Amino acid sequence: ARLPSRRENLLELAERVVELTFRSRAMLEVVFDDETGFGDGVTRSFYTDVAAEFAAAGPGSKGVAECMWAEHLPSSVTEHRGRKYLHARRGLFPRPHVPGSPASQAACGRFRLLGRLMAKALRDGFVVPCPLCVHFFEAVLGDDLPLSALPRPGDGWVGEFVGACADFACELRRRFGGLRGEELARARREEAERPGWA
């Protein structure tokens, strides 16, 4: 596929290319009009650059990351060559949306593009280096997510407190789950008197 400049509207170009080629078994070879290179190196670079666009945040990103991925804390947004990118410790995780809402439909369109792009790349022997969270794949497969999928302190996602509370609740359940009656009341009193609660 011969494309205009790599620096302008790369995600839109990728969307057009994928729409035209994702069903084809023919190998995709990307060439840019303003570059002299061609072959596997340029195509590999194309997939890498498009993956970066999916993680781009802030001005110039057209809201792609904000629409697709869970909100990140400022500490998990990195800057490279004047652009900001999401970079959480556990990877990118989908942002929840109200089903059928305009935001949900926009996110579904972007995820469809990402899926087709990855399928095309894998079929041709390439990789789209998008840092997805392990729990992303569980969600895609329709599995119920475990409590460990919640944000944890240090993950860089908004909602880390919720994950810390889930950890605390699991610890309490583990320690006191089998206790009943007076035994449970005594364990609760002892826990409340332990140093560090006040």
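A short tour of the structure in this document, coming up. (Residues numbered from 1 in each chain as written. Predicted model: local features only at pLDDT ≥ 70, side-chain atom pairs only at ≥ 80, totals over all residues. Heavy atoms only, no water.)

Counted by the stated rule, this structure contains zero disulfides. Cys130 takes part in no disulfide bond, and the closest cysteine sulfur, belonging to Cys133, lies 12 Å away. When its relative accessible area of 10% is taken as the criterion, Cys130 is described as buried. The thiol sulfur of Cys165 is not disulfide-bonded, and the nearest other cysteine sulfur, from Cys170, lies at 11 Å. (Disulfide = S-S within 2.5 Å. Buried < 20%, exposed > 50% of the residue type's maximum accessible area, 1.4 Å probe, protein only.)

Right, let's talk about the packing of helix H2 (residues 40–55) against helix H4 (residues 102–123) for a bit. Packing of H2 against H4 brings their axes to within 12 Å, and their N-to-C directions diverge by 160 degrees. Taken together, the axis directions place H2 and H4 in an arrangement best described as roughly antiparallel. The element H2 and its partner H4 pack so that their crossing is left-handed. Each of Phe46, Tyr47, Val50 and Phe54 in H2 lies in contact with H4, whose residues at this interface are Arg110, Leu113, Leu114, Leu117, Lys120 and Ala121. Looking at the contact of H2 with H4, its residues break down into eight nonpolar, no polar and two charged. (Axes fitted to C-alpha atoms, helices over the stretch in contact; angles between N-to-C directions. Helix = DSSP H or I, 4+ residues; strand = E, 2+ residues; numbered from the N terminus. Parallel < 35°, antiparallel > 145°, perpendicular 65-115°, else oblique. Left-handed = near helix turned anticlockwise from the far one by under 90°. Contact = heavy atoms within 4.5 Å. Nonpolar A, V, L, I, M, F, W, Y, C, P; charged D, E, K, R; others polar.)

As judged from the four bridges shared by strand S4 (residues 77–80) and strand S5 (residues 83–86), these two strands associate in the antiparallel manner. Each bridged residue has a counterpart across the sheet, and for Val77 the counterpart in S5 is Leu86. Hairpin connection, S4 to S5: the antiparallel pair is bridged by two residues, and Arg81 has positive phi, about 50 degrees. (Pairing = 2+ DSSP bridges.)

So, about the packing of helix H1 (residues 10–21) against H2. H2 packs onto H1 with a crossing angle of 120 degrees between their chain directions and a minimal axis gap of 9 Å. What the angle tells us is that H1 and H2 run oblique. Where H1 crosses over H2, the handedness of that crossing is left-handed. For the pair formed by H1 and H2, the contact residues are Leu10, Leu11 and Ala14 on the first element and Phe46, Asp49, Val50, Glu53 and Phe54 on the second. When the residues that make up the contact of H1 with H2 are grouped by side-chain class, the tally is six nonpolar, no polar and two charged.

Next up on the list: the environment of Leu184. Within the secondary structure, Leu184 is located in helix H7 (residues 181–193). The class for Leu184 is buried, based on a relative accessible area of 18%. Not counting residues within four places of it along the chain, the set of residues in contact with Leu184 comprises Phe176 and Leu179.

In total, this model carries twelve salt bridges according to the counting rule given. The salt bridge involving Arg90 is made with Asp155; its shortest N-O contact spans 3.0 Å. Taken as a pair, Arg90 in the loop between S5 and H4 and Asp155 in the loop between helix H5 (134–140) and helix H6 (160–176) lie far apart in primary sequence, 65 residues in all. With relative accessibility at 23%, the residue Arg90 sits in the partly exposed group. Classification of Asp155 by relative accessible area gives buried; the value is 1%. Glu171 serves as the salt-bridge partner of Arg175, at 3.9 Å between the closest nitrogen and oxygen. Taken together, the residues span about one helical turn, with Arg175 and Glu171 both in helix H6 at a distance of four residues. Within this structure, Glu171, Arg174, Arg175, Glu191 and Arg194 form a network of salt bridges that share partners. (Salt bridge = Lys/Arg side-chain N within 4 Å of Asp/Glu carboxyl O.)

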